[in-house]
Amino acid sequence: MNQQIENYYYEHSDRVYRYIFLLVRNKENAEDLTQETFYKAHKGMSSFNGEASPATWLLKIARNVTFDYFRKKRIIQFFSWGDEHDQEASSIAPDASAEKKEQILELYDAINRLKKDYRDVIILRKIQEFPIKDTAYILGWTEAKVKTKSGRAMEALKQELAGKDGVIHESF
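Described below are features of the structure shown in this document. As the structure is a computational prediction, the values presented were derived from the model and not from experiment.

### As for unusual backbone geometry
Even without a glycine there, the phi angle at Arg25 is positive, about 65°. Within the secondary structure layout, Arg25 lies in the loop between helix 1 (3-24) and helix 2 (27-43).

This is the structure we're talking about:
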C-alpha cells in the first residue's frame, strides 16, 4: 500500500467502517467491505484529484462498494441495532439507559422504514454529519437536491416517529 493510502487508512478507516456498518448491520461484512474500500482507493489513487476531501472521497467509494455488495447478494437491509451499539447506552446512567436505548431503536426503526434516498441523506447528513457539499459528492447529487431531500427526509422521519404512538420524539 502506498504511503498516502496508508495514511488515509489510519485517519479514516474507523469512519468508513462505521458508515458501512450502518448499512450492512454485520461486523464481519463491514470489516471486509472496509478493506475492499481501501483496496479500491489504492487502485484508484491516481484518479483522486482533491475535488473532495479524502474522507468524502473514501465514503463515496465505501457507498459504491457497499451497494455493489447488496446488488450481488440481492439483499437490502438497514439498521438492526444490537450489542455493537450498547457501548453508548452503557455510558449513560443505569436508570436512563433503557429509555435511551429504546429511543435509539425507535429512531433507527423509523429510518429503516423510509425510502432509500431519504435513508441515504439522513445517514450522511444527520448521523455521519457530512456537510451538504460532501453529501452531494458522495451521493452524486446536486447540492440543491441534497437540501430538498434532507428536508423531505426529516419530515418523513417525523411522520414515521409520530405514526407509532401519535407523538413525535425529538431524537435529532
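From this point, the narrative continues.
### Looking at the packing of aromatic side chains
Across all of its chains, the model carries eight aromatic pairs by this definition. Seen from their ring centres, Tyr9 and Tyr10 are 5.9 Å apart, and the 80° between their planes marks the pair as edge-to-face. Taken together, the ring pairs in this structure connect Tyr8, Phe48 and Trp57 into an aromatic cluster. Just above the ring of Phe130 sits the side chain of Arg15; from NZ or CZ to the centre is 4.1 Å. We note Lys60 situated over the ring of Tyr137; from NZ or CZ to the ring centre the distance is 4.6 Å.

### Side note on the pattern of salt bridges
As enumerated under the stated definition, the model contains four salt bridges in all. The partner of Asp120 in a salt bridge is Arg63, with the nearest N and O atoms 3.1 Å apart. Separated by 57 residues along the polypeptide, Asp120 in helix 6 (residues 116-127) and Arg63 in helix 3 (residues 54-73) bring together distant segments of the chain. The burial state of Asp120 is the same as that of Arg63; both residues are buried. The closest approach of N and O atoms between Asp120 and Lys116, which form a salt bridge, is 2.8 Å.

### Details of the packing of helix 3 against helix 7 (residues 132-139)
In the contact formed by helix 3 and helix 7, the axes pass within 8 Å of each other and the chain directions differ by 35°. Here the hand of the crossing between helix 3 and helix 7 comes out right-handed. Contacts between helix 3 and helix 7 involve Thr56, Trp57, Leu59, Lys60 and Arg63 on the former and, on the latter, Asp134, Tyr137, Ile138 and Leu139. Among the residues making up the contact of helix 3 with helix 7, the classes are represented as five nonpolar, one polar and three charged.

### Quick look at helix 1
The largest bend in helix 1 is about 60°, located at His12. Ile5, Tyr8, His12, Ser13, Val16, Tyr19, Ile20, Phe21, Leu22, Leu23 and Val24 are the residues of helix 1 that are buried. On its buried face, helix 1 is in contact with helix 2, helix 3 and helix 6.

Parameters at a glance
Residues numbered from 1 in each chain as written. Predicted model: local features only at pLDDT ≥ 70, side-chain atom pairs only at ≥ 80, totals over all residues. Heavy atoms only, no water. Helix = DSSP H or I, 4+ residues; strand = E, 2+ residues; numbered from the N terminus. Phe/Tyr/Trp six-rings, centres within 6.5 Å; stacked < 30°, edge-to-face > 60°. Lys NZ or Arg CZ within 6 Å of the ring centre and 35° of its normal. Salt bridge = Lys/Arg side-chain N within 4 Å of Asp/Glu carboxyl O. Buried < 20%, exposed > 50% of the residue type's maximum accessible area, 1.4 Å probe, protein only. Axes fitted to C-alpha atoms, helices over the stretch in contact; angles between N-to-C directions. Left-handed = near helix turned anticlockwise from the far one by under 90°. Contact = heavy atoms within 4.5 Å. Nonpolar A, V, L, I, M, F, W, Y, C, P; charged D, E, K, R; others polar. Bend = angle between axes of the 7 residues up to and from the residue.

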